[in-house]
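# Report on the structure
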Amino acid sequence: MTQPAANPRALLPLLIFLGVFFGSGIYYSLAGVEFAFYQVKAPVAALPAIIIAMLIGHARLNERIQHFLQGIGDINIVTMCMVYLLAGAFAKVTSAIGGVDATVALGLSALPEQLLLPGLFLVAAFVSTAMGTSMGTIAAITPIAIGISQATGLSPALCAGTVVGGAMFGDNLSIISDTTIAATRTQGCSMRDKFRLNARIAIPAALLTMVLLFILGHGGSAPAASEFNGWLVLPYLLVLGLAVSGMNVLVVLMVGILFSGFLGMLVKDGYSMAIMADNIYLGFEGMLEIMVLSMFIGGLAAVMRHEGGLVWLTGCIQSLVGRFERLQGRAGEIGISLLVAVCNLFTANNTVAILISGTVARDIAEKNAIDPRRSASLLDMFSCVVQGIIPWGAQLLLAGSIAGLSPLALVGDSYYPWILALCATGAILSGFPRLEKSQ
């Protein structure tokens, strides 16, 4: 396919969406309105952006509409929407049978109060690393995190943000993650070599995060011990076990829904097939907002790509790197990191951002004598940093929806992506770690 001509105007639709979304929230916050960022729903804020995207493009209107619909139908967007639906259903059914309460009681009885937040992070990091995706991890563990918040008095945003941080650790580091596969393929290095380099930055960032969470965990109050039915913990153990085994996240969630429902019929009085079906549909309804927003963002990203917005963006990054050639590799590394971060802001998908910026990043790496392992690691880290903090990204949308919070409330409490950004930036400026020849 012919590459479109660079066109900065193609980025205007997403800027309009962000302006309406953030602007309305700030306006209502200053006016003292409660739930300020809920006054204008995010999918509604996206409508002006869609209209502008249809008006300013170079292609014919029918072609722009087709590009928009193709973006909505992209396999990544459709997969996300299915995860949203099944995650909502699993969370609703398992909560209705008492699974969340039982799991929270088990966690509170097994861990000291100050270790609950580090424990949440560690479990989310392990599961996400094992299964290679953050979305299934967030879907399975966020309900437990919110239950712990309610039982201990810890901030629900902090508990949900802790899960998001752990999920992004695995998304970044896992060998079977889409981002790892995309980064290594575009840069021409092995996944093993990239993992070794990436781990030397990501693991210290995770340890720092756990220390911070240990300190923040002192803010809660220890709840009284309560009895619980241990059988109701099984749905979460099953989902985590299947996820770690490498099973597809959609199959994992579907099995979890059915298992939770039939378990409820066995152990909870009055729970029937009809109630289970109603719970499933209520779970679907709870995910409507983020589904629509994800579809709209996917369509806008496709229009911006076809109209040349991302071509212009990558050209600007290349030009910026060229002005600082005297800094040699460090300027190139900064350029690669900035390129994928900005692409992620406009696509709201870290894998897509890596694929879009990968070729340009490889050119920058070759011109600045940057090792392919290094460029692959930077692409993966900074795409996951941005994905873990943007409130229109799938991870914060899903966690916010399950927790009943605005995704904006989670941005400041998802600490791992911010700490990873600091560690990765420090690694660039210091030249850490020194690379041996790949084997």
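Heads up: these notes are all about the structure in this document. (Residues numbered from 1 in each chain as written. Predicted model: local features only at pLDDT ≥ 70, side-chain atom pairs only at ≥ 80, totals over all residues. Heavy atoms only, no water.)

## Structural notes on helix α4 (residues 75-96)
- With 22 residues, α4 extends 32 Å between its outermost C-alpha atoms, agreeing within 8% with the 32 Å of an ideal straight helix rising 1.5 Å per residue.
- At the exit of α4 stands G98, carrying a positive phi of roughly 100°. (Helix = DSSP H or I, 4+ residues; strand = E, 2+ residues; numbered from the N terminus. Expected span 1.5 Å × (residues − 1).)

## Points about the packing of aromatic side chains
- Taken as a whole, this structure holds four aromatic pairs when the rule is applied.
- Between the aromatic rings of F121 and Y416, the centroid separation amounts to 5.7 Å while the plane-to-plane angle is 55°, which identifies the pairing as tilted. Of this pair, F121 sits in helix α6 (residues 116-131) while Y416 is found in helix α21 (residues 415-430), placing the two residues 295 residues apart along the sequence. Neither residue differs from the other here; F121 and Y416 are each classed as buried.
- Pairing F169 with Y416 gives two aromatic rings, centres 5.7 Å apart and planes at 70°, and the pair type is edge-to-face. Of this pair, F169 sits in helix α8 (residues 156-173) while Y416 is found in helix α21, placing the two residues 247 residues apart along the sequence. We note that F169, like Y416, is buried.
- Site record: aromatic cluster; members linked through ring pairs are F121, F169 and Y416. (Phe/Tyr/Trp six-rings, centres within 6.5 Å; stacked < 30°, edge-to-face > 60°. Buried < 20%, exposed > 50% of the residue type's maximum accessible area, 1.4 Å probe, protein only.)

## Remarks on unusual backbone geometry
- Of note, A369 is a non-glycine position whose phi angle comes to about 55°, a positive value.
- You can see A369 is positioned in the loop between α17 (350-367) and α18 (372-387).

## Section: the environment of A277
- Here A277 lies in helix α13 (residues 273-286).
- Separated by 120 residues in sequence, A277 and A157 place their C-alpha atoms 30 Å apart.

## Concerning helix α10 (residues 191-216)
- Given a rise of 1.5 Å per residue, 26 residues ought to cover 38 Å, and the 35 Å separating the end C-alpha atoms of α10 matches this to within 8%.
- Largest kink in α10: about 40°, centred on A199. (Bend = angle between axes of the 7 residues up to and from the residue.)

## Structural notes on the environment of L240
- Mapped onto the fold, L240 is located in helix α11 (residues 234-244).
- Separated by 13 residues in the primary sequence, L240 and L253 have C-alpha atoms spaced 9.9 Å apart.

## Examining the nonpolar core
- F17, Y84 and L398 are the most contacted members of the largest nonpolar core, which has 134 residues in total.
- The greatest single-element share of this core, amounting to 11 residues, is contributed by α4.
- With residues up to four places along the chain from it excluded, the contact list for F17 reads A42, A45, A46, A49, L293, I297 and W392. (Core = buried A, V, L, I, M, F, W, Y, C linked by side-chain atoms within 4.5 Å. Contact = heavy atoms within 4.5 Å.)

## Let's talk about the environment of S24
- With respect to the helices and strands, S24 occurs in helix α1 (residues 12-30).
- Residue classification places S24 among the buried residues on the basis of a relative accessible area of 13%.
- A sequence separation of 15 residues divides S24 from Q39, and the C-alpha atoms of the two residues are 7.7 Å apart.

## Some points on the side chain of N172
- In this structure, N172 sits in helix α8.
- A distance of 3.4 Å separates the side chain of N172 from the side chain of D380, its partner in a polar contact.
- Those residues in contact with N172 that lie beyond four places of it in its chain are T179, T180, K194, N198, A202, D380, M381, C384, Y416 and L420. (Polar contact = N/O pair within 3.5 Å; in protein donor to acceptor, adjacent residues only side chain to side chain.)

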